[in-house]
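Observations on the model geometry
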Amino acid sequence: MIDDTALAFPKTERNRVKRMHERGSYDREAVFAILDAGMLCHVSYAIGGQPYCTPTLHWREGDMLYWHGSSASRMLRHLRGGTPACLTVSHLDGLVLARSGFNHSANYRSAMCFGTAGIVDDADEKARAIRGVVERFYPGRFDTLRPVNAQELKATTVIGMRIEDASAKVRAKGVGDDEEDYGHPAWAGVIPIRTVIEADQPCPRLLPGIARPDGLAAYRQGRGLDDALAETQRAYEAAPA
Ligand SMILES: Cc1cc2nc3c(=O)[nH]c(=O)nc-3n(C[C@H](O)[C@H](O)[C@H](O)COP(=O)(O)OP(=O)(O)OC[C@H]3O[C@@H](n4cnc5c(N)ncnc54)[C@H](O)[C@@H]3O)c2cc1C
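Just so it is clear, the model here is predicted, and its values are computed rather than measured. (Residues numbered from 1 in each chain as written. Predicted model: local features only at pLDDT ≥ 70, side-chain atom pairs only at ≥ 80, totals over all residues. Heavy atoms only, no water.)

1. Brief notes about the environment of alanine 85
Put simply, the rule is: Numbering of helices and strands starts at the N terminus; helices are DSSP runs of H or I of at least 4 residues and strands are runs of E of at least 2. Only protein chains enter the area calculation, which uses a 1.4 Å probe; residues under 20% of their type maximum are buried, those over 50% are exposed, and those in between are partly exposed.
By the secondary structure assignment, alanine 85 is in strand β6 (residues 83-97). Assessed through its relative accessible area of 6%, alanine 85 is described here as buried.

As structure tokens, this is what we get:
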């Protein structure tokens, strides 16, 4: 039984951070912050002993993670019966250059979530999810769009996975050289990395008078994408269902 009110995910043999365990956390808020700051995830699962790891887009509602794709996709067909899956999201925050090759590192935030992934068959849940994938990223946009038609609905498969256990792992610090290496005359330091929003490129076929909607305000030129996505997730959670 999953307790989705607990502050932390249960610590199991599957999600217990062993290497550099001081960087690990099982707090729901820590895991959610990493998931919500990204839209690109990797979902992995095995088919007949062969591991596959598929990059795709995810969104979250409480403890539920969703992703979607073409009904013809191998990944989605395989998940139909419900299968153990692992979804990860990672953010590269900095390149860490030490005075030895061994101590080079990276600053990052990553989350690993485990559960059983399955097709969302329930019509209401699927309709909510199809709205959710637009609204979660672009508040207020769904109702401004040409409505989804029956053929698009049929061609789209939504996958849901309740997070059973999860871990977050974060490195956010400077160079960690061996004490005797600090006297070595090589440059060392952190090169910070950010994914930044650039200027819009409006569609050349935009109808006259169509302005950029206010719901896209989070996506401002020069802003970090992770901040913008965290803001749109908060707006999604605050919006009436
Ligand atoms: C951008 C980036 C660069 C990295 N570079 C390196 C590198 O060069 N060398 C290196 O050894 N490691 C690196 N890591 C860390 C790497 O992801 C693993 O944590 C590490 O390799 C240990 O793997 P493991 O399977 O032995 O961990 P274990 O501690 O045995 O894994 C046990 C459990 O801990 C949790 N866990 C482990 N790693 C993560 C994670 N990253 N995020 C969330 N939960 C996790 C999972 O629940 C996992 O099932 C990097 C991570 C990122 C995001």
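Next, the rest of the story.
2. Overview of the pattern of salt bridges
The cut-off we apply is this: What makes a salt bridge here is a side-chain nitrogen of Lys or Arg within 4 Å of a carboxyl oxygen of Asp or Glu, nothing more.
Considering all chains together, one arrives at 15 salt bridges under this definition. The residue arginine 99 makes a salt bridge to aspartate 177 at a minimum N-O spacing of 2.7 Å. Highlighted residues: arginine 99 in the loop between β6 and β7 (105-119) and aspartate 177 in the loop between β9 (165-171) and β10 (189-192), separated in sequence by 78 residues. Since its relative accessible area comes to 23%, arginine 99 is described here as partly exposed. By relative accessible area, aspartate 177 is classed as buried at 9%. Close ionic contact of aspartate 226 with arginine 109 constitutes a salt bridge, the shortest N to O distance being 2.9 Å. Pair noted here: aspartate 226 is in helix α5 (residues 225-238) and arginine 109 is in strand β7, with a separation of 117 residues, a long-range link. Members of the salt-bridge network, linked through shared partners, are Glu13, Arg16 and Lys18.

3. Considering the site of the ligand
Using the following cut-off: A single heavy atom is enough: if one lies within 4 Å of a molecule or strand, its residue is considered near that molecule or strand. For this analysis, a polar contact is any N or O atom pair within 3.5 Å, provided that within protein one partner can donate a hydrogen and the other can accept it, and provided that sequence-adjacent residues contribute only side-chain to side-chain pairs. Here, Shrake-Rupley sampling with a 1.4 Å probe gives the accessible areas, and only protein chains in the shown set may cover a residue.
Around the ligand, 13 residues are found, and the nearest of them are Arg14, Lys18, Arg19, Ser110 and Lys169. Within the side chain of serine 110, an N or O atom sits 2.7 Å from a nitrogen atom of the ligand. Relative to its free-state accessible area of 870 Å², the ligand is covered by the protein chains to the extent of 60%. Looking at the shell around the ligand, the elements with two or more residues in it are β7 and β9.

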